[in-house]
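Structural description and commentary
In case you want the letters, here they are:
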Amino acid sequence: MGNLQQWAVSLCGAAVVGGVISSIASSSGIGKAVRILASLMFLCTLIAPIGGIFSSHELPAFQTEFASNILSQEIEENAQNFAYLLAQSNINEMIKKTLSDHQIYPEDSQVVLKNEDGSIEIHAVLYFSSDQAIQEETIKNLIRQTIGVEVECQIR
């Protein structure tokens, strides 16, 4: 495969991955950051050959199979990182929506995904101000039953 063809395939792959990630990203908070990162990934793939045009007057950097494999690994790692951030964001939004439906408004929340041994562990921490009256067990049961996530409540 020629250099131009490899670049075009990489560009198409970045566009597809970025498009999928952008379309499923939430419209607030970390979703906006995820969409920006997807756009930057596409932009980097788009302009990657420009550096070689100035030095060798041809499309560079995709000349060996090694360089092609590195690019594929980077795209895969970026896609995995985007999916991870997107999952965190969506779980966080689901928790906030579930709580707001029950008139419970945490000051802040954090979702942590741990990927160990091929399984993913989801843990959420909700932060409440000291003047908020919370029923910790009620909140834990609500989130566990509706979303299936273990949650911890902390007072700030």
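Everything below is about the structure shown above.
Here's a quick rundown of the structure. (Residues numbered from 1 in each chain as written. Predicted model: local features only at pLDDT ≥ 70, side-chain atom pairs only at ≥ 80, totals over all residues. Heavy atoms only, no water.)

1. Concerning the environment of Ile24
Its place among the elements puts Ile24 in helix 1 (residues 3-24). Note on Ile24: relative accessible area 47%, which makes it partly exposed. C-alpha of Ile24 to C-alpha of Arg35: the two residues are 11 residues apart in sequence and 9.4 Å apart in space. Look past the residues within four positions of Ile24 in its chain and what remains in contact with it is Leu86 and Asn90. (Helix = DSSP H or I, 4+ residues; strand = E, 2+ residues; numbered from the N terminus. Buried < 20%, exposed > 50% of the residue type's maximum accessible area, 1.4 Å probe, protein only. Contact = heavy atoms within 4.5 Å.)

2. A short note on unusual backbone geometry
The general pattern is negative phi for most residues beyond glycine and trans for most peptide bonds. For Gln103, which is not glycine, the phi torsion reads 55° and is therefore positive. Relative to the helices and strands, Gln103 resides in the loop between helix 4 (65-101) and strand 1 (108-116).

3. What about the packing of helix 1 against helix 2 (residues 30-47)?
Any two packed helices are characterised by the angle at which their axes cross and by the distance between the axes. Following both chains from N to C, one finds helix 1 and helix 2 inclined at 175°, their axes separated by 9 Å at the closest point. As far as their axial angle goes, helix 2 and helix 1 are roughly antiparallel. Here helix 1 contributes Trp7, Ser10, Leu11, Ala14, Ala15, Val17, Gly18, Ile21 and Ser22 to the contact with helix 2, which in turn contributes Val34, Arg35, Ala38, Met41, Phe42, Thr45 and Leu46. For the contact of helix 1 with helix 2, a count of residues per class yields 11 nonpolar, 4 polar and 1 charged. (Axes fitted to C-alpha atoms, helices over the stretch in contact; angles between N-to-C directions. Parallel < 35°, antiparallel > 145°, perpendicular 65-115°, else oblique. Nonpolar A, V, L, I, M, F, W, Y, C, P; charged D, E, K, R; others polar.)

4. Digging into helix 5 (residues 136-146)
Among all positions in helix 5, only Ile139, Lys140, Leu142 and Ile143 are buried. Buried positions in helix 5, seen along its axis, are confined to an arc of 165° and lie on one side of it. Of the residues trailing helix 5, Gly148 is marked for its positive phi of about 85°. (Arc of directions from axis to C-beta.)

5. Section: the pattern of salt bridges
Proximity of charged atoms lets side chains of opposite charge pair with each other. Here the structure, examined in full by the defined rule, presents 3 salt bridges. Between Lys97 and Asp101 there is a salt bridge, and its shortest N-O distance comes to 2.9 Å. Of the two residues, Lys97 and Asp101 both sit in helix 4, 4 residues apart, roughly one turn of that helix. Glu150 is the salt-bridge partner of Arg144, the closest N and O atoms lying 3.1 Å from each other. By relative accessible area, Arg144 is classed as partly exposed at 35%. (Salt bridge = Lys/Arg side-chain N within 4 Å of Asp/Glu carboxyl O.)

6. Looking at the nonpolar core
Of all hydrophobic cores here, the largest spans 15 residues; its most connected members are Ile95, Leu99, Leu126, Ile139 and Ile143. Counting only elements with at least two residues in this core, the list comes to helix 4, strand 1, strand 2 (119-128), helix 5 and strand 3 (150-155). If sequence neighbours within four positions are ignored, Leu99 has contacts with Ile104, Pro106, Leu126, Ile139, Leu142 and Ile143. Counting 8 residues, the second largest nonpolar core, distinct from the first, contains Ala14, Ile21, Val34 and Leu86. (Core = buried A, V, L, I, M, F, W, Y, C linked by side-chain atoms within 4.5 Å.)

7. Here's the deal with a nonpolar patch on the surface
Together, Ile36, Leu37, Leu40, Phe42, Leu43, Leu46 and Ile47 make up a nonpolar patch on the protein surface, roughly 560 Å² of accessible area in all. Locating Ile47 in the fold gives a position in helix 2. Relative accessible area serves as the criterion here: at 41%, Ile47 is assigned to the partly exposed category. (Patch = residues over 30% accessible without salt bridge, like charges linked within 9 Å, V, L, I, M, F, W, Y side chains within 5 Å. Areas by Shrake-Rupley, 256 points an atom, 1.4 Å probe, with all protein chains shown as cover.)

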